[in-house]
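As a plain string of letters, each chain reads:
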Amino acid sequence: QVQLVESGGGLVQPGGSLRLSCAASGIIFSIYTMGWYRQAPGKERELVAGITSGGSTNYADSVKGRFTISRDNAKKTVYLQMNSLKPEDTAVYYCQAEKNNYYYWGQGTQVTVSS
């Protein structure tokens, strides 16, 4: 059974930082492309950042220079370091594992940026 479990969300002030984690089980983690998506109220889910099995990364323009995605294959975990957070980063953040067009999703973790 595949499970992706996100953690690390919460309430943070503008300009603050958070680190999200996504722990995977039930898959050969190292061969999967991992991604972080987010969905704000009334908006579609969007890609925030992705990292391939080889370590190549890509980011949404809105988070470039502020967010960093990384992975630890030994721990079967992908991370999203979020710095200089803005109110518009407020959303539910989801972890995704993808391989050969098969997708698995986590349950999401809420990130709220507010003073």
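Residues numbered from 1 in each chain as written. Predicted model: local features only at pLDDT ≥ 70, side-chain atom pairs only at ≥ 80, totals over all residues. Heavy atoms only, no water.

### A short note on the sheet that holds strand 8 (residues 77–82)
The condition is simple: The pairing criterion is simple: DSSP has to find at least two bridges between the two strands. A helix here means a DSSP run of H or I that spans at least four residues, while a strand means a run of E at least two residues long, and both kinds are numbered starting from the N terminus. What counts as an axis is a line fitted to C-alpha atoms, over the stretch in contact for a helix, and the angles between N-to-C directions run from 0 to 180 degrees.
Read across the sheet, four strands follow the order 1-3-8-7 without closing on themselves; strand pairing throughout is antiparallel. Two strands close off the open sheet at either side, each with one partner strand: strand 1 (3–7) and strand 7 (67–72). Ignoring strand direction, the axes of neighbouring strands in this sheet form an average angle of 15°.

### Regarding the side chain of Glu98
To keep it simple, the criterion reads: Three exposure classes are used, based on accessible area relative to the maximum for each residue type with a 1.4 Å probe and protein chains only: buried under 20%, partly exposed in between, and exposed over 50%. Charge assignment: positive for Lys and Arg, negative for Asp and Glu; neither His nor the chain ends contribute. A side-chain nitrogen of Lys or Arg and a carboxyl oxygen of Asp or Glu constitute a salt bridge if their distance falls within 4 Å. We define a polar contact as two N or O atoms separated by no more than 3.5 Å, with the added condition that, inside protein, one atom must be a possible hydrogen donor and the other a possible acceptor, whereas residues neighbouring each other in sequence contribute only through side-chain atom pairs. Working rule for contacts: check all heavy atoms of both residues, and any pair within 4.5 Å makes them a contact.
Tracing the backbone through its elements, the reader meets Glu98 in strand 9 (residues 91–99). Buried and unpaired, Glu98 has Lys99 as its nearest opposite-charge partner, separated by 7.5 Å. A polar atom in the side chain of Glu98 sits 2.9 Å from the backbone nitrogen of Asn101. With residues near it in sequence (within four places) discarded, Glu98 still touches Tyr32, Thr33 and Tyr103.

### Some words on the pairing of strand 9
Of all the nine residues making up strand 9, seven are buried; the element is thus mostly covered by neighbouring parts of the structure. Pairing geometry for strand 9 and strand 11 (residues 109–113), over three bridges, is antiparallel. Bridging from a neighbouring strand, Tyr93 pairs with Thr109 of strand 11. Note: strand 9 against strand 10 (residues 102–105), four bridges, orientation antiparallel.

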